[in-house]
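Chain and residue survey
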Amino acid sequence: MSNGPIHSDLRINSYGSYLRRRFSCRVSKVNVDGGFTCPNRDGSRGTGGCIYCDNSSFSPKETVALIPIEEQMAAGMAYHRTRLGSEKFIVYFQKFTNTYGDPQRLGDLYRRALDHPDVLGISVGTRPDSISDAAIDLLSDLARDRYVCVELGLQSMDDAILSRINRGHTFSEYLNAVERLAGRGLEICTHLIYGFPGETRGGFLKSARLLSSLPVNSVKLHQLHAVEGTELARMYRDGSYPPISLEEYLGAACDFLEELSPRISIQRLYGSAPLAIRVAPNWNLKNNQMWYAVVNELKRRGSWQGCRFGDQARAANGEW
Ligand code: SF4
């Protein structure tokens, strides 16, 4: 389904608007912890995890979810109903790697989420190296009559950066995952981060052109930020991780959006952590404040998402 045109005042093709157009009601995502772990922590792909991964939230006992997902869903739905007037929900398997498990267990969890009458579909966060053919078959089967989105963490398309952040997978593994997911009735979301040590804005912007050329439906972008207990926090304190400024992030996010296809909806433009564990940068903004800061910068520029989409291709073709 097309994401439709971008209204001139909105400047950005937001995922919230996309869901509203698609389902004709207010839809919220409700996070659940399915009790998964991560292959970049348990030794099967790596140990130690990504340098920004919150160690304190990772412990063996969390491999078993403490609260049944039905209870988690009920609490999340009640919150969104009261706060936002949401009518329907997408259950978001967010924590760690939510396709990393026996297909039977995956099927049981996903189906339990979909069983609720107010649940339209599921969103499943995972790593590009951790989605088996059996998991894709299962998700594709569920997607025949429900909304199913697979959220792939790419973070950077630069293998040198992926290696430096101990990501444990390569760019080509991401491309391979997208290729295997494409054409299976699934939506694909890609997660990106800007602000890695040594990263340039020009290098980051290549990802807008890349995603525009792939069957990716939505994007989540946020600034790199360090929380307590991570390798990144240690690097911040020894000076090897200089956080980017808010101005640099706003400029890069706007450049990114201008080059990104207007077909792709934007799920997120900011990452925040509770004050108690936040280390750097400390911009003290709420999600919607960052969203409007980006919209205002696009307005100031007289630009919008996709206004420069295709410029590179046209330049390469000698059209100008
Ligand atoms: S893939 Fe996700 S859960 Fe695993 S180490 Fe990286 S950030 Fe943490």
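Read on for a plain summary of the structure.

Conventions used here
Residues numbered from 1 in each chain as written. Predicted model: local features only at pLDDT ≥ 70, side-chain atom pairs only at ≥ 80, totals over all residues. Heavy atoms only, no water. Salt bridge = Lys/Arg side-chain N within 4 Å of Asp/Glu carboxyl O. Helix = DSSP H or I, 4+ residues; strand = E, 2+ residues; numbered from the N terminus. Buried < 20%, exposed > 50% of the residue type's maximum accessible area, 1.4 Å probe, protein only. Pairing = 2+ DSSP bridges. Axes fitted to C-alpha atoms, helices over the stretch in contact; angles between N-to-C directions. Contact = heavy atoms within 4.5 Å. Phe/Tyr/Trp six-rings, centres within 6.5 Å; stacked < 30°, edge-to-face > 60°. 1 Å grid on protein atoms, 1.4 Å probe; cavity = no way out; pocket = protein on both sides within 12 Å on 5 of 7 lines; lining within 4 Å. Points joined across faces, edges and corners; volume = space filled by probe spheres on them. Polar contact = N/O pair within 3.5 Å; in protein donor to acceptor, adjacent residues only side chain to side chain. Left-handed = near helix turned anticlockwise from the far one by under 90°. Nonpolar A, V, L, I, M, F, W, Y, C, P; charged D, E, K, R; others polar.

**Let's talk about the pattern of salt bridges**
For the coordinates displayed, the defined rule picks out 27 salt bridges. Here glutamate 259 makes a salt bridge to arginine 209, at a shortest N to O gap of 2.6 Å. Linking glutamate 259 in helix α9 (residues 246-259) with arginine 209 in helix α7 (residues 201-212), this pair joins segments that are 50 residues apart in sequence. With relative accessibility at 6%, the residue glutamate 259 sits in the buried group. The partly exposed category is assigned to arginine 209, whose relative accessible area is 30%. Between arginine 301 and glutamate 258 there is a salt bridge, with its nearest N and O atoms 3.1 Å apart. In this pair, arginine 301 is assigned in helix α10 (residues 287-301) and glutamate 258 in helix α9, connecting sequence segments 43 residues apart. Owing to a relative accessible area of 29%, arginine 301 belongs among the partly exposed residues under this scheme. Classification of glutamate 258 by relative accessible area gives buried; the value is 6%. Each member of the salt-bridge network shares a partner with another, and the members are Arg201, Arg209, Glu248, Asp255, Glu258, Glu259, Glu297, Arg300, Arg301 and Arg308.

**Quick word on the sheet that holds strand β8 (residues 265-268)**
Spatially, β1-β2-β3-β4-β5-β6-β8 is the arrangement adopted by the 7 strands of the open sheet, whose pairing is parallel. The outermost strands of the open sheet, each flanked by one partner alone, are β1 (27-32) and β8. The sheet shows a mean angle of 25 degrees between the axes of neighbouring strands, direction not considered. Note that strand β4 (residues 147-155) and strand β5 (residues 187-194) share 6 bridges and pair parallel. Bridge assignment links glutamate 151 to a residue of β5, and that residue is cysteine 189. Along the sheet, α7 contacts β4, β5 and β6 (218-223); its crossing angle with β5, the most-contacted strand, is approximately 175 degrees.

**Some words on the packing of aromatic side chains**
Per the stated rule, a full pass over the model turns up 10 aromatic pairs. Plain terms: the ring middles of phenylalanine 23 and tyrosine 147 are 5.9 Å apart, the flat faces sit at 80 degrees to each other, and that makes the pair edge-to-face. Separated by 124 residues along the polypeptide, phenylalanine 23 in helix α1 (residues 15-23) and tyrosine 147 in strand β4 bring together distant segments of the chain. Since its relative accessible area comes to 21%, phenylalanine 23 is described here as partly exposed.

**A closer look at the layout of surface pockets**
Its boundaries defined by the atoms lining it, the second largest pocket holds a volume of some 160 Å³. Lining the second largest pocket are 15 residues, with Ser156, Asp158, Ile161, Gly203 and Phe204 sitting closest to its centre. Elements that contribute at least two residues to the lining of the second largest pocket include exactly α5 (159-164), β5 and α7.

**Quick look at the side chain of glutamine 267**
Relative to the helices and strands, glutamine 267 resides in strand β8. Using a relative accessible area of 16% as the deciding quantity, one classes glutamine 267 as buried. Among the polar contacts made by the side chain of glutamine 267, one reaches the side chain of serine 218 at a distance of 3.1 Å. For glutamine 267, the contacting residues outside a window of four places in its chain are Tyr15, Lys29, Cys149, Glu151, Cys189, Ser218, Val219 and Lys220.

**As for the packing of helix α2 (residues 69-84) against helix α3 (residues 103-114)**
Their axes nearest at 10 Å, the elements α2 and α3 cross at an angle of 35 degrees. Between α2 and α3 lies a crossing whose hand is right-handed. Note on element contacts: α3 touches α2 through Leu109, Arg112 and Ala113, opposite Ile69, Glu70 and Met73. Partitioning the contact of α2 with α3 into residue classes produces 4 nonpolar, no polar and 2 charged.

On their own, these measurements won't tell you what the molecule is for.
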